[in-house]
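Each chain is listed here by its residues.
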Amino acid sequence: MGSSSSVPPPLAASGWAALPRDVLWSLFTDLGQHEVLSGAGLACAPWRHLARDEPALWRRIDLTAAAGDTVPGCWKEMALAAIDRSAGHCEAFWGRADDEVLLYLADRASYMKSLRITSSYDVSSKVFAELIKKFPLLEELQLVLKSDAYTTNSKEPHTNSWVELFQSACQACRNLHHFTVQLADKDMSYDSYSYYGSKDRSARRFSIPMMHGLHSLELFGGHLTMDVMMEIVDNCPSLESLHISGMPYLYGREEKELRDRCSKIKDLRLPDMDYDDYVS
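Residues numbered from 1 in each chain as written. Predicted model: local features only at pLDDT ≥ 70, side-chain atom pairs only at ≥ 80, totals over all residues. Heavy atoms only, no water.

Engineer: Explain the pattern of salt bridges here, please?
Structural biologist: Note that side chains of opposite charge can pair when their charged atoms are close. This structure, assessed with the given rule, holds 11 salt bridges. Between arginine 59 and glutamate 91 there is a salt bridge whose closest N-O contact spans 3.1 Å. Here the residue arginine 59 occupies a position in the loop between helix H3 (45-53) and strand E1 (60-62), and glutamate 91 occupies one in the loop between helix H4 (74-85) and strand E2 (92-96), the gap between them amounting to 32 residues. Residues glutamate 255 and arginine 259 are paired through a salt bridge, measuring 3.4 Å at the closest nitrogen-oxygen approach. Of this pair, glutamate 255 and arginine 259 are both found in helix H10 (residues 252-261), four residues apart, which corresponds to roughly one turn of the helix. By relative accessible area, glutamate 255 is classed as partly exposed at 30%. (Salt bridge = Lys/Arg side-chain N within 4 Å of Asp/Glu carboxyl O. Helix = DSSP H or I, 4+ residues; strand = E, 2+ residues; numbered from the N terminus. Buried < 20%, exposed > 50% of the residue type's maximum accessible area, 1.4 Å probe, protein only.)

Set out below in structure tokens:
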């Protein structure tokens, strides 16, 4: 005879909680990871389980929608949570980042192939130079940097530019296919010419390895010397698309030499156009 105090069996899930896994997966995909993290993934136990315990759902993290979040720190909490949920299987990260997020990602995403970062006032050159070494499989790198975002956290003179970023990335990531650096504020005062120009060339020589896999390169909103430009073209023989802004005006023989070197590049845009033609 059964005991009257027996615990009744749990009620079967119903309604939204009873959605088949494949339907719920499609729903989360349509909503986007920002929405999953900000509420949808907390709706009920089955939804929480899928949102928190399925690394495949976070293999490609896209939090671009969270970059403009007005709640202080909310974007960072989402980024760290998404990285945790990927359980070491993250292959792509798109969204806002600072030093803390990038270091956290570098220690937990050794399979990273695509990195698209927007940064505002909170990425240091030292951190980037170290963490980029942890992404040897990286194929795509895109950095959109706000005014004064890419700088050191010290009192040393400012000496960073997308030229330095490009050099560091090429030395660490030999599998790069696509590389973009965009300084979002066209009025910013980055000056790599004084850093890599003739006065300091012996101290800081620009050098990259042969990059046979690099097919597209876009560098917007900085300054670039003729010597650096020539080395980029010579050491990236597979370039199909090259968009550059920020070179000093070229005259006569220099311009002809550069255009002759770039003759095999199908999609070529050199800085003979106004900056506004580059950045929409």
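Engineer: Explain the packing of aromatic side chains here, please?
Structural biologist: The geometry of an aromatic ring pair is captured by two quantities: the separation of the ring centres and the angle between the planes. On inspection of all chains with the given rule, the structure shows two aromatic pairs. In this structure, arginine 108 is placed above the aromatic ring of tyrosine 104, and the distance from its NZ or CZ to the ring centre is 3.5 Å. Above the ring of tryptophan 94, the side-chain terminus of arginine 116 is found at 3.9 Å from the ring centroid. (Phe/Tyr/Trp six-rings, centres within 6.5 Å; stacked < 30°, edge-to-face > 60°. Lys NZ or Arg CZ within 6 Å of the ring centre and 35° of its normal.)

Engineer: Explain the sheet that holds strand E8 (residues 267-269) here, please?
Structural biologist: Pairing between the strands of a sheet comes from backbone hydrogen bonds, and it takes one of two forms, parallel or antiparallel. Pairing is parallel across the open sheet formed by eight strands, whose spatial order is E1-E2-E3-E4-E5-E6-E7-E8. Because the sheet does not close on itself, it has two edges, and the strands there are E1 and E8. The mean inter-strand angle of the sheet, taken between neighbouring strand axes irrespective of direction, is 5°. Across five bridges, E2 lies against strand E3 (residues 114-119) in parallel orientation. Considered in E3, the bridge of phenylalanine 93 is made with leucine 115. (Pairing = 2+ DSSP bridges. Axes fitted to C-alpha atoms, helices over the stretch in contact; angles between N-to-C directions.)

Engineer: Can you help me understand the pairing of strand E7 (residues 241-244) in this one?
Structural biologist: Residues in a regular strand point their side chains to alternate faces of the sheet. Residue alternation in E7 divides its side chains into two sets, Ser241 and His243 and Leu242 and Ile244, and both sets are buried. Inspection of the sheet shows strand E6 (residues 216-220) paired to E7 by four bridges, in the parallel sense. Bridge assignment links glutamate 218 to a residue of E7, and that residue is histidine 243. By the bridge criterion, three bridges tie E7 to E8 in an arrangement that is parallel. Within the sheet, the bridge partner assigned to serine 241 lies in E8 and is aspartate 267.

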